Amino acid sequence: MDIHQAFRLLKLDAGASLEVVKRRYHELAARWHPDRHPPNSPAKDQATEKMKELNAAYTFIRRFSETHQILFCKQCGATNSRLKDANVEYAACGHCGNQLQRATPRKQRTPCGNARCSGTIGSNGRCNYCGKTVAEGRESSLAGEEGHRFTRSRSFARSAARIAKTLFLVVIACGSVAAAYLFYHHHEKVGEPVLPVRHPSVAAPPAGASPQHVEPRRAFFQAPAPVVVPEHSFYL
């Protein structure tokens, strides 16, 4: 038995309130009660079967109304059942797919009690993100504050240690590269042949001359002769 069949047995439209269902049940029970018919008659047996169906339908609707709620679609008129603990703020119709209930404006929404949660309180009184009520969110926020501070300090210490290790490795790498460069550069300088540096005042040796005609290296660095200026030149 489903909810629609139970309402049909009571000759009511789906979604009727529990008071209407109770009133209708008493009316049909007074009509189909077995005691109103003579014993050992076909009418009594028929009334007994009918009374069983009415009792089952009424019990099913009463239990269903304790855990579910019935919503009507304004577009197609279909009935939809949802759990009372469910958030029906964005519930869609099972027949046409349209939204059953208009969503609460953003400015009027109640934020979650947990400051670190970005959800809002839905139609069921719980956060649509973490599933907690406002009081539960506040308790979890206060309880997790100390843990959050400890985690934040520990993460900061880990980050500082990681940065120090990285800088140490960078310094070692730079020092290794600098040492290798200086080592190879020194060996290149030592291995190069030493060429004589000729002073501009010394004439170049003739082409095809033998090495003994080349002036010694110390002669290239001798200072040129001083220039003597006549005294009368200053009085001109």
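Summarised in this report is the structure supplied together with it. (Residues numbered from 1 in each chain as written. Predicted model: local features only at pLDDT ≥ 70, side-chain atom pairs only at ≥ 80, totals over all residues. Heavy atoms only, no water.)

Remarks on the overall build of the chain
Stage number 1. In terms of helices and strands, the chain carries 5 helices and 2 strands.
Stage number 2. Counting helices and strands in the order they occur from the N terminus, the chain gives α-α-α-β-β-α-α.
Stage number 3. Relative to its full complement of 236 residues, the chain shows a buried share of 18%.
Stage number 4. Carbon together with sulfur atoms contributes 57% to the accessible area of the chain, which is approximately 18,100 Å² in total. (Helix = DSSP H or I, 4+ residues; strand = E, 2+ residues; numbered from the N terminus. Buried < 20%, exposed > 50% of the residue type's maximum accessible area, 1.4 Å probe, protein only. Areas by Shrake-Rupley, 256 points an atom, 1.4 Å probe, with all protein chains shown as cover.)

What to know about the nonpolar core
Stage number 1. Counting 18 residues, the largest nonpolar core has Phe7, Leu10, Val21, Leu54 and Ile61 as its most contacted members.
Stage number 2. Elements that contribute at least two residues to this core include exactly helix 1 (3-9), helix 2 (18-32) and helix 3 (42-67).
Stage number 3. Those residues in contact with valine 21, other than ones at most four positions away along the chain, are Phe7, Leu10, Leu12, Ala16, Tyr58 and Ile61.
Stage number 4. Core analysis: the next-biggest nonpolar cluster, separate from the first, contains 7 residues, Leu71, Cys73, Ala91 and Cys93 among them. (Core = buried A, V, L, I, M, F, W, Y, C linked by side-chain atoms within 4.5 Å. Contact = heavy atoms within 4.5 Å.)

As for helix 2
Stage number 1. Taking 1.5 Å of rise per residue, the 15 residues of helix 2 would be expected to cover 21 Å, and the 21 Å separating its terminal C-alpha atoms lies within 8% of that figure.
Stage number 2. Every buried residue of helix 2 is accounted for by Val21, Tyr25, Leu28, Ala29 and Trp32. Viewed end-on, helix 2 has its buried residues packed into an arc of 105°, placing them on one side of the element. Seen from the open side of helix 2, the exposed residues pointing more than 90 degrees away from its buried face are Glu19 and Arg31.
Stage number 3. Looking at the buried positions of helix 2, the neighbouring elements they touch are helix 1 and helix 3. (Expected span 1.5 Å × (residues − 1). Arc of directions from axis to C-beta.)

Quick look at the side chain of asparagine 80
Stage number 1. Here asparagine 80 is to be found in strand 2 (residues 79-83).
Stage number 2. Overall, asparagine 80 belongs to the buried group, its relative accessible area being 6%.
Stage number 3. One polar contact links the side chain of asparagine 80 to the main-chain amide nitrogen of glycine 94, over a distance of 2.8 Å.
Stage number 4. Here asparagine 80 is in contact with Gln69, Ile70, Leu71, Cys73, Ala92, Cys93, Gly94, His95 and Leu100, once residues within four sequence places are set aside. (Polar contact = N/O pair within 3.5 Å; in protein donor to acceptor, adjacent residues only side chain to side chain.)

So, the environment of histidine 68
Stage number 1. For histidine 68, the position within the fold is in strand 1 (residues 68-72).
Stage number 2. Look at histidine 68 and you get partly exposed, because its relative accessible area is 23%.
Stage number 3. Expressed as a C-alpha distance, the spacing of histidine 68 and leucine 83, which sit 15 residues apart in the sequence, is 4.3 Å.
Stage number 4. Filtering out sequence-adjacent residues up to four positions away, histidine 68 remains in contact with Arg82, Leu83 and Lys84.
Stage number 5. At a separation of 2.8 Å, a polar atom in the side chain of histidine 68 contacts the side chain of threonine 67.

A closer look at the pattern of salt bridges
Stage number 1. Taken as a whole, this structure holds 2 salt bridges when the rule is applied.
Stage number 2. One salt bridge connects glutamate 27 with arginine 24, and the closest N-O pair in it is separated by 3.3 Å. Taken together, the residues glutamate 27 and arginine 24, both in helix 2 and 3 residues apart, mark about one turn of the helix.
Stage number 3. With relative accessibility at 43%, the residue glutamate 27 sits in the partly exposed group.
Stage number 4. Between glutamate 136 and arginine 126 there is a salt bridge, with the nearest N and O atoms lying 3.4 Å from each other. (Salt bridge = Lys/Arg side-chain N within 4 Å of Asp/Glu carboxyl O.)

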